[in-house]
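Architecture at a glance
Chain residues, written in single-letter form:
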Amino acid sequence: MSRSAHPAGPRHADVLPEGHYSAPPTDLNVLDHKVWAQTVGRGEDGVVTVGGVPVTRLAEEFGTPVYIMDEADFRARARAWRTAFGADADVFYAGKAFLSRAVVRWLEEEGLNLDVCSGGELATALSAGMAPERIAFHGNNKSVAEITRAVEAGVGRIVLDSFQEIVRVAHIAQSLGKRQKVQIRITVGVEAHTHEFIATAHEDQKFGIPLAGGQAAEAVRRALHLDGLELIGIHSHIGSQIFDMSGFEVAAHRVVGLLKDIRDEHGVELPEIDLGGGLGIAYTSDDDPREPHEIAKALGEIVGRECEAARLRTPRISVEPGRAVVGPTAFTLYEVGTVKPLEGLRTYVSVDGGMSDNIRTALYDAEYSVALVSRASDAEPMLVRVVGKHCESGDIVVKDAFLPADLAPGDLIAVPATGAYCRSMASNYNHVLRPPVVAVKDGEARVIVRRETEEDLLRLDVG
Ligand SMILES: *Cc1c(COP(=O)(O)O)cnc(C)c1O
C-alpha cells in the first residue's frame, strides 16, 4: 500500500493528505473480482447487478443498509475448499465469521463441517439440522451448560483449551455415560497476521495450552487417562488474514513434533491434526490471497514431509476457514446521506449504517474498498472517507478510497468483502437496527436474516 499523489485528488485540495491508499484506479466503474463476489457486474445502464438482480431493486425492496450475499459464490467457495482437501481431510467452516440457518444448510449440501464456539452458534447449527457429528465445539471458556448441551447433542469433537476444561469435559461426559471425542488446542509459539508471522518463545495469549515448558505434553497425559475422553488429535490456530504459508509450516512442524513425543511416551499415534483457519482474502486490489487448492497442496506436503521424518502415519488433516469462505461472498449496500468536502483534507461521505454493521475498521484498522453501484460515472476520482451515522468520530467504514467526484446524496455505494465478521459482530449502538442479510441467486433475492425492528429492541427492554 503506497501513498501516492494524484492530480485528480480530492476536490478543493492540491495535495493529498496522509493515508494508506493506492493510486485511484484508472476507471472507477470497473469492479475488480478479487474483492467482488463472482456474479457481481455492472450492467449497460451502469447499475451493478448481483446474481442477475440490480442493486437498485435490492435497495428498493429490502432497504439500506443491507448485506447482500451471492449464494452461488458462497457455494462455489465452499465447494472449492471441499474439493481441494479431498476425502482424506475435513473442512470445518468457522461459524463465528457468519452463521445463519441458510448458511448451515449450504454447508451441509456442499460437504463442509462446522465450528461453533458458543451455545448460540450450536443452537443455530442444530436448529438447521446440522448432523451433530459434523460439529466441532471451540472456545476458551465454554460454560458447563454449553459443554453439557454439546455432549448430549453428540458433537463430533470438543476442542479443549485449558487444564480445567480437560477435567470439566471428562466429568460431564462421564456423568452422561459418554466418551467424548476431543482435541487439545495448543499454542505453538507462532503468531501470524496478514503478510508476516512471528515465532516467539512463549505465547502470551488466552487461547490454548503452550507447547513450551512441556505443558501441552502434560495436557495430553491427563486427557489420555480420563475415561470420559477420547483424545483424537491436536489443534493449532495461528492467526487471521494470513497470506504467508511459512507460519503454517512452523506450526505443522511443531504439532507433528508433539505427535512424535506422544507416540514415544504413550505408544499412541493420534489420528488427527487440525491446523485452524486464518487464511486471508482480498479486501482491496492490493491483496493477493492463495487459492484453496494451493493451500491444500502446501499443507499436505508440509504435514506429509514432517510425518515421514518422524516415522509417523500421516494423520487426517482438518482446516477451519471462516473468512476465506464467506468474506468475499457479500457486500454491504448503503445509501449516501451527505457528502462533506473538507478543504485541503478529504471528503467525508456519510452512509446510513456504520460501525454497528462493520466494526472491523474501528476495531482493527481494517482496509476496505468501495464503489458507486447505482450508476456509472465518468467524473474524476475524489479521495473519500466513508463514515457511518454513529456518535463516534472513529465510526469509519472505509478509511481512504476513491469515489467519483459527482457523488451525491441518494447514490448507492457498496463495500465488498463484508461477508465475514460484519453481521456477526454487528451491534445496536445508538439503538441502530441491525441490517438484514439477503441472499441472491439466479435472479432471485430472499431474506435469510431479517432486519431488526424497533419492536425487537423494545422487546428486550422490560424495565
Ligand atoms: C477464528 C477462528 C477460525 C477462523 O478464522 P478465519 O480467519 O475466519 O479463517 C478458525 N479456527 C479457530 C479456532 C478460530 O478461532
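The shown structure was predicted, so the numbers you read here are calculated from the model rather than taken from an experiment.

Parameters and conventions
- Residues numbered from 1 in each chain as written.
- Predicted model: local features only at pLDDT ≥ 70, side-chain atom pairs only at ≥ 80, totals over all residues.
- Heavy atoms only, no water.
- Pairing = 2+ DSSP bridges.
- Helix = DSSP H or I, 4+ residues; strand = E, 2+ residues; numbered from the N terminus.
- Disulfide = S-S within 2.5 Å.
- Buried < 20%, exposed > 50% of the residue type's maximum accessible area, 1.4 Å probe, protein only.
- Arc of directions from axis to C-beta.
- Contact = heavy atoms within 4.5 Å.
- Near = heavy atom within 4 Å.
- Polar contact = N/O pair within 3.5 Å; in protein donor to acceptor, adjacent residues only side chain to side chain.
- Areas by Shrake-Rupley, 256 points an atom, 1.4 Å probe, with all protein chains shown as cover.
- 1 Å grid on protein atoms, 1.4 Å probe; cavity = no way out; pocket = protein on both sides within 12 Å on 5 of 7 lines; lining within 4 Å.
- Sits in = over half its atoms within 2 Å of the grid points.
- Nonpolar A, V, L, I, M, F, W, Y, C, P; charged D, E, K, R; others polar.
- Expected span 1.5 Å × (residues − 1).
- Domains from an automatic or database assignment.
- Buried area = accessible area lost by both parts, 1.4 Å probe.
- Salt bridge = Lys/Arg side-chain N within 4 Å of Asp/Glu carboxyl O.
- Phe/Tyr/Trp six-rings, centres within 6.5 Å; stacked < 30°, edge-to-face > 60°.
- Points joined across faces, edges and corners; volume = space filled by probe spheres on them.

It is worth spelling out the sheet that holds strand 3 (residues 53–54) at this point. Spatially, three strands are ordered 1-2-3 in an open sheet, and the strand pairing comes out antiparallel. Each edge of the open sheet carries a strand with a single partner, namely strand 1 (41–42) and strand 3. Note: strand 1 against strand 2 (residues 48–50), two bridges, orientation antiparallel. When the sheet's bridge partners are listed, Arg 42 is paired in strand 2 with Val 48.

For the rest of this paragraph, the subject is the state of the cysteines. Counted under the stated rule, the structure contains zero disulfides. This cysteine, Cys 117, is not joined by any disulfide, and Cys 422 carries the nearest cysteine sulfur, 17 Å off. Judged by its relative accessible area of 33%, Cys 117 is partly exposed.

On to helix 5 (residues 144–153), then. When helix 5 is considered as a whole, its buried residues turn out to be Glu 146, Ile 147, Ala 150 and Val 151. Taken end-on, helix 5 shows its buried residues confined to a sector of 125°, consistent with a single buried face. Across helix 5 from its buried face, at more than 90 degrees, point the exposed residues Ala 145 and Glu 152. Looking at the buried positions of helix 5, the neighbouring elements they touch are helix 4 (119–127), strand 7 (135–137), strand 8 (157–160), helix 6 (163–175) and strand 9 (180–187). Gly 154 sits one or two residues past helix 5 and shows a positive phi near 90°.

Let us look at the site of the ligand. Around the ligand sit 15 residues in total, of which Lys 96, Gly 278, Glu 320, Arg 323 and Tyr 421 are the nearest. At 2.6 Å, a side-chain N or O of Lys 96 approaches an oxygen atom of the ligand. Against a free-state accessible area of 390 Å², the protein chains account for coverage of 92% of the ligand. Its atoms largely coinciding with the cavity grid, the ligand occupies the largest pocket. The residue makeup of the shell around the ligand, split by class, is four nonpolar, seven polar and four charged.

Bringing the sheet that holds strand 10 (residues 190–193) into the picture now. The strand order across the open sheet formed by three strands is 11-10-14, and the pairing between neighbours is mixed. In the strand order of this sheet, the two ends are held by strand 11 (196–199) and strand 14 (239–240), each with one partner.

End to end, helix 6 covers 19 Å across 13 residues, agreeing with the expected 18 Å (1.5 Å per residue, within 8%). Taken as a whole, helix 6 has its buried residues at Glu 165, Ile 166, Val 169, Ala 170, Ile 172 and Ala 173. Each buried residue of helix 6 sits inside an arc of 165° when the element is viewed along its axis, so together they form one side. Across from the buried face of helix 6, at angles greater than 90 degrees, the exposed residues are Gln 164, His 171 and Ser 175. Taken together, the buried residues of helix 6 touch helix 5, strand 8, strand 9, strand 12 (209–210), helix 7 (215–224) and strand 13 (229–235). Positioned one or two residues after helix 6, Gly 177 has a phi angle of 70°, which is positive.

Bringing the domain arrangement of the protein into the picture now. Examined at the domain level, the protein breaks down into domain 1 (13–70 + 328–460) and domain 2 (138–321). Its C-alpha centre places domain 1 at a distance of 36 Å from the equivalent point of domain 2. At the junction of the two partners, domain 1 supplies 10 residues and domain 2 supplies eight residues. Taken together, both faces of the contact between domain 1 and domain 2 bury some 850 Å²; the carbon and sulfur share is 48%. The interface formed by domain 1 and domain 2 holds one salt bridge in total. A salt bridge links Asp 288 to Lys 34; the nearest nitrogen and oxygen atoms lie 2.9 Å apart. Summed over the shared surface of domain 1 and domain 2, the number is five residue pairs in polar contact (both at pLDDT 80 or more). Here the side of domain 1 that touches domain 2 is composed, by residue class, of four nonpolar, two polar and four charged.

Looking now at the packing of aromatic side chains. The full count for this structure, using the stated rule, is five aromatic pairs. Ring geometry for Phe 74 and Tyr 93: centres 5.9 Å apart, planes at 70°, overall edge-to-face. With Phe 74 in helix 2 (residues 71–85) and Tyr 93 in strand 5 (residues 89–94), the pair connects residues that are 19 residues apart, well separated along the chain. For Tyr 93, a relative accessible area of 0% translates into the label buried. Following the ring pairs from residue to residue traces out a cluster consisting of Phe 74, Tyr 93 and Trp 106.

Attention now moves to the pairing of strand 4 (residues 66–70). Successive side chains on a regular strand alternate, one facing one side of the sheet and the next facing the other. Most of strand 4 is tucked away, with five of its five residues classed as buried. Here strand 4 shows a buried face lined by Val 66, Ile 68 and Asp 70 and a second buried face lined by Tyr 67 and Met 69. Where strand 4 lies against strand 17 (residues 330–341), four bridges are found, and the strand directions are antiparallel. Across the sheet, residue Tyr 67 finds its bridge partner in strand 17, namely Thr 332. In this structure, strand 4 lies alongside strand 23 (residues 437–441), joined through four bridges in parallel fashion. Bridge pairing in strand 23 links Met 69 to Ala 439.

For the structure shown, the criterion picks out one cavity of 30 Å³ or more. Empty space within the largest cavity amounts to approximately 40 Å³. Around the largest cavity, the lining residues are Tyr 67, Met 69, Phe 98, Ala 330, Thr 418, Gly 419, Cys 422, Arg 423 and Val 437. In the lining of the largest cavity, the residues fall into six nonpolar, two polar and one charged.

Attention now moves to the pairing of strand 13. Within strand 13, six of the seven residues are buried, which leaves the element mostly enclosed by the surrounding structure. Pairing geometry for strand 9 and strand 13, over six bridges, is parallel. Looking at strand 13, one finds that Gln 180 is bridged to Leu 229. Pairing of strand 13 with strand 15 (residues 272–274) involves three bridges; the strand directions are parallel.

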